[in-house]
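These are the residues of each chain, in order.
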Amino acid sequence: DIISTVEFNYTGDLLATGDKGGRVVIFQRERETKSRPLSRGEYDVYSTFQSHEPEFDYLKSLEIEEKINKIRWLPQQNAAHFLLSTNDKTIKLWKISKRDKRAEGYNLKDEDGRLREPFRVTELRVPTLKPMDLMVEASPRRIFANAHTYHINSISVNSDYATYLSADDLRINLWHLEVTNRSFSILLKLVIDVKFSNTENVGSCKSWRWFHVELCVLSAVFEEPEDPSSRSFFSEIISSISDVKFSHGGRYMMTRDYLSVKVWDLNMEKRPVETYQVHEYLRSKLCSLYENDCIFDKFECCWNGEDSTIMTGSYNNFFRTFERNTHRDTTLEASRESSKPRAILKPRKVCTTGKRKKDEITVDSLDFNKKILHTAWHPTENIIAVAATNNLYLFQEKIN
Amino acid sequence: MLGRGLKRKLSDYEENMAGLSSAFDSSRSLPYPLKRQLVLNMCLTKLQTYKMLVEPNLHRSVLIANTVRQIQEEMRQESNQQPVNICPGIAPASHSYTGMESPGISLQLPSGIGQQESHCCDLRSVEDPIENSLLIVSDDDMSSAISSILKDLDFVEDISPPTCLVPTGDDQPKFPENTGLKLEDDRQDLKGAECVFGSFEISNSTSYLKDLAIDDIFEDIDTSMYDSDFCCPPLTPPRSPSLATEEPLKTFPSCNSSSANNIQICRTDLSELDHIMEILVGS
């Protein structure tokens, strides 16, 4: 199914993906073993579960899609892992735990779970724990529902591990992880994304005002003045922000709009400090892209662990990385043909002038159905996860 | 690219649109009004034919609606510059479009919303000097270009070459403060606008989205336990449904079901309401 979100956990050992069918698949990085010292730790499937089912809103006579819009990991506190996953309307807290023992010898039920006849219970025994094959289980612990009129587009966990935010286009709700029937709510302009700042841990005060909450709204505080000469019918649509990410260091913020990625210094709201053109050659195709709805595609962007490189997706299964210090940019492709295991990815190029060189792709031959919207970068290492429609690609830096 | 024919199916229409949009992109010689009309048609198609199984994305709908309004305001301003006067007694001006600040407004939106809308309006009222200089198109040229496009695309059923462009009655339902407007004036203006563009319905709806959607959509959800004491300003009751509900109900699906349901809920028994709430909470 089509992958709709990708997220590493805090250590990078786990990678969660959500898809359009409401499923969550978690990959775990295998530890390097003595027998394979050169393998840098590959990711294998750890757990798969159905997080959301399609629902029907009786009041509005509309279906509620089960597509997972966002997954956020909670910081790990014990052996189990917790994550929040959300579709358009409902957020669920899942516990993923390993089970390698099971209890046997219940008094009231048989081994297969059927209730025993009461008169057959002639003695009391204490159930014992017997080892079993290691199994990873996912169980829903909380369900946070009925708090969003519009589609939930982002969630963010606070560093106090107790509260989190959920946002739809107009409303932001602040939840406590233990409480499912109540949340604080604020109404806003169009909300694109919501994040807790990771630099200031303001503690556990319950009033939302005290959290250092950073928001990105449509006509944002951070806004570059428009260049009047480049104005077109589609200016507003292409300048609308599809993703916001704060740098790990906390000083910068990156916004993704349709054609570019901008890096902002949080202290300066007037203009971005860096602007990177992702696929400027599309500017002359805006009408066609509007007609086939591609202009509304919401691309994500991400930082590497050191905030020195940023990455974002494009069409034709291309994704781009930009090195901030050297101003070097690379275009790579996530496809089966170009990704043999252990092979180095070859840089791609889109031909923007009349003459097409060998191996270049012309703009007209780009496949706009192959879009890379969701990407994630390992928090500390140079490993990236790229979702290309219904395939997940993992690339890592080759160390010689 | 533009075929001739009487009736078109939607798929043919889409093919034509695809052809037109690549013409838009590649051709520099396509006259501006033609380009603009093409974009307007696309916007209206998107808003009208959006699949209604799933709730439409608000962000996308707002962006499309804003594009429509941007184009319509441009057209209106052009018509203001024309010597031919249109309907008497109505004098729209670009600055009056930022109707949110006008007195007499019966809705009180969260301030953020107001700013959002007026910002959008500001964005559009900044006239591009380059674009302005291109608007040296005569009435007749423009209207015949428009009517030929519309004929070919079979967009509006019965079109006659219009002598006046934008009927300024177009504007009336956009401004929430004109609650005193008589219903007949509405209908008459409706008809006039429909003949020319067929886009009058959408201008109704866009204002509906802008002004009503927030309050009315939230009306049917009991958020009393979710709202904290400091948050949004009090939401006033919905306006009289007669003003703008008829047309948008046909053309703007996302507001459609909400407003219809609001009216329904107002008429529902308390016991039915309880039952519904049980389903909601229990689901």
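Structural data are supplied above this passage.
An account of the accompanying structure is given in this report. These numbers come from a predicted model, not from an experiment.

**Describing the overall build of chain B**
The helix and strand inventory of chain B stands at 12 helices and 0 strands. Along its sequence from the N terminus, chain B presents helices and strands in the succession α-α-α-α-α-α-α-α-α-α-α-α. Excluding contacts between residues fewer than 6 apart, the proportion of contacts in chain B whose partners are at least 24 apart in sequence is 75%. Per element, the accessible surface of chain B, about 13400 Å² overall, is 56% carbon and sulfur.

**As for the overall build of chain A**
Along the backbone of chain A there are 2 helices and 29 strands. Here chain A, with 400 residues, has 53% of them falling under the buried criterion. For chain A, long-range pairs separated by at least 24 residues make up 51% of all intrachain contacts whose partners lie at least 6 apart in sequence. When the accessible surface of chain A is split by element, carbon and sulfur atoms take 50% of a total near 19800 Å².

**A short note on the sheet that holds strand β1 (residues 3-8) of chain A**
Residue and element names in this part refer to chain A. Ordered by their spatial adjacency, 4 strands build an open sheet running β1-β2-β3-β4, and the pairing between neighbours is antiparallel. Strand pairing shows two members of the sheet lacking a second neighbour, β1 and β4 (43-50), which therefore form its edges. Ignoring which end each strand starts from, the neighbouring axes of this sheet average 20° apart. One ladder, built from 5 bridges, connects β1 with strand β2 (residues 14-19); its direction is antiparallel. Along β2, the bridge assignment pairs Ile3 with Asp19.

**What to know about the packing of aromatic side chains**
Residue and element names in this part refer to chain A. Evaluation of the coordinates by the stated rule reveals 17 aromatic pairs over all chains. On the basis of an interplanar angle of 80° and a centroid distance of 5.2 Å, the ring pair of Phe144 and Tyr164 is categorised as edge-to-face. With Phe144 in strand β10 (residues 128-144) and Tyr164 in strand β12 (residues 163-167), the pair connects residues that are 20 residues apart, well separated along the chain. With a relative accessible area of 1%, Phe144 lands in the buried category. For Tyr164, a relative accessible area of 0% puts it in the buried group.

**A look at helix α2 (residues 32-49) of chain B**
Here α2 of chain B is 18 residues long and its end C-alpha atoms lie 26 Å apart, about the 26 Å a rise of 1.5 Å per residue gives. The buried fraction of α2 of chain B is high, at 15 of 18 residues.

**Some details on a nonpolar patch on the surface**
Side chains of Phe56 and Tyr58 of chain A together with Ile279 of chain B sit close together on the surface and give an oily, nonpolar patch of about 320 Å² of accessible area. When you line up the elements, Phe56 of chain A lands in strand β5 (residues 55-57). Phe56 of chain A gets classed as partly exposed once you look at its relative accessible area, which sits at 39%.

**Some remarks on the pattern of salt bridges**
Residue and element names in this part refer to chain A. As enumerated under the stated definition, the model contains 26 salt bridges over all chains in all. Across the pair Arg23 and Asp19 runs a salt bridge whose closest N-O atoms are separated by 3.4 Å. Take Arg23: its relative accessible area is 36%, and that puts it in the partly exposed class. Between Arg283 and Glu280 there is a salt bridge whose closest N-O contact spans 2.5 Å. Each member of the salt-bridge network shares a partner with another, and the members are Arg102, Glu104 and Lys130.

**A look at the side chain of His148 of chain A**
Residue and element names in this part refer to chain A. Within the fold, His148 resides in the loop between β10 and β11 (154-157). Within the structure, the side chain of His148 is placed 3.2 Å from the side chain of Asn173, a separation counted as a polar contact. Setting aside chain neighbours within four positions, we find His148 in contact with Lys89, Ser166, Ala167, Asp168, Arg171 and Asn173.

**Some details on the packing of α2 of chain B against helix α3 (residues 58-81) of chain B**
Residues and elements named next belong to chain B. In the contact formed by α2 and α3, the axes pass within 10 Å of each other and the chain directions differ by 145°. Regarding α2 and α3, the two cross each other, and that crossing is left-handed. Contact residues: α2 offers Tyr32, Arg36, Gln37, Val39, Leu40, Cys43, Leu44, Lys46 and Leu47, while α3 offers Arg60, Ser61, Ile64, Ala65, Thr67, Val68, Ile71, Gln72, Glu74, Met75 and Glu78. Class assignment for the residues of the contact of α2 with α3 results in 11 nonpolar, 4 polar and 5 charged.

**Concerning the sheet that holds strand β28 (residues 383-388) of chain A**
Either a parallel or an antiparallel arrangement is found when strands of a sheet pair, and the pairing is made through backbone hydrogen bonds. All names here are of chain A. One open sheet holds the 3 strands; their spatial order is β27-β28-β29, and the pairing between them is antiparallel. Single-partner strands in this sheet number two, and they are β27 (374-377) and β29 (391-396). Neighbour-to-neighbour, the strand axes of the sheet open up by a mean angle of 15°, direction not taken into account. Judged from the 6 bridges that link them, β28 and β29 form a sheet pairing that is antiparallel. When the bridges of β29 are listed, Ala388 appears paired with Asn391.

**What about the layout of surface pockets?**
All names here are of chain A. Roughly 1600 Å³ of volume is contained in the second largest pocket. Residue assignment for the lining of the second largest pocket shows that the elements contributing at least two residues are β23 (318-323), β24 (329-333), β28 and β29. Examining the composition of the lining of the second largest pocket, we find that 5 residues originate from one element, β29, more than from any other. Split by residue class, the lining of the second largest pocket holds 18 nonpolar, 12 polar and 11 charged. Lining the lining of the second largest pocket are residues from two domains, each supplying at least three of them: domain 1 (1-108 + 115-145) and domain 2 (232-399).

Here is what the cut-offs are and how they apply
- In this convention, every chain numbers its residues from 1, walking through the sequence in written order.
- All chains are assigned letters beginning with A, and all ligands numbers beginning with 1, in the order in which they are written.
- Totals for whole chains, interfaces and linings use all residues, but because this is a predicted model, local features are given only for residues with pLDDT of at least 70 and pairs of side-chain atoms are given and counted only at 80 or more.
- Based on all heavy atoms of the structure, the side-chain values leave hydrogens and waters out of the count.
- Secondary structure counts use DSSP, requiring at least four H or I residues in a row for a helix and at least two E residues in a row for a strand, with both numbered from the N terminus.
- The contact criterion used is simple: two residues touch if any of their non-hydrogen atoms lie within 4.5 Å.
- What sets the accessible areas is the Shrake-Rupley method with a 1.4 Å probe; for residues, cover comes only from the shown protein chains.
- The buried label applies to any residue whose accessible area, calculated with a 1.4 Å probe on protein chains only, is under 20% of its type's maximum; exposed applies above 50%, and partly exposed to all values in between.
- Between any two strands, at least two bridges found by DSSP are needed for them to pair.
- In this description, a line fitted to the C-alpha atoms serves as the axis of each element, helices being fitted only across the stretch in contact, and the angle between N-to-C directions of two axes falls anywhere from 0 to 180 degrees.
- Ring geometry is summarised as follows: Phe, Tyr and Trp rings, the Trp one being its six-membered ring, pair when their centres sit within 6.5 Å, and such pairs are stacked at plane angles under 30 degrees, edge-to-face over 60 and tilted between the two.
- Expected helix span is given by 1.5 Å per residue-to-residue step, counting one fewer step than there are residues.
- Surface patches are drawn from residues lacking salt bridges whose relative accessible area is over 30%; two like charges belong together within 9 Å, two nonpolar side chains (Val, Leu, Ile, Met, Phe, Trp, Tyr) within 5 Å.
- For salt bridges, the criterion is a side-chain nitrogen of Lys or Arg within 4 Å of an Asp or Glu carboxyl oxygen.
- For this analysis, a polar contact is any N or O atom pair within 3.5 Å, provided that within protein one partner can donate a hydrogen and the other can accept it, and provided that sequence-adjacent residues contribute only side-chain to side-chain pairs.
- Two helices that cross are described as forming a left-handed crossing if the nearer one is turned anticlockwise from the farther one by less than a right angle, and a right-handed crossing if clockwise.
- Under the grouping applied here, Gly and all other residues not named as nonpolar or charged are polar, the nonpolar ones being Ala, Val, Leu, Ile, Met, Phe, Trp, Tyr, Cys and Pro and the charged ones Asp, Glu, Lys and Arg.
- The definitions used throughout rest on a 1 Å grid laid over the protein atoms alone, on which a cavity is an enclosed set of points accommodating a 1.4 Å probe that cannot get out and a pocket is an open set flanked by protein within 12 Å on both sides along at least five of seven lines; lining residues are those having an atom within 4 Å of a point.
- Grid points are joined across faces, edges and corners, and a volume is the space filled by probe spheres set on the points.
- Where each domain starts and ends comes from a domain assignment, either automatic or drawn from a database.

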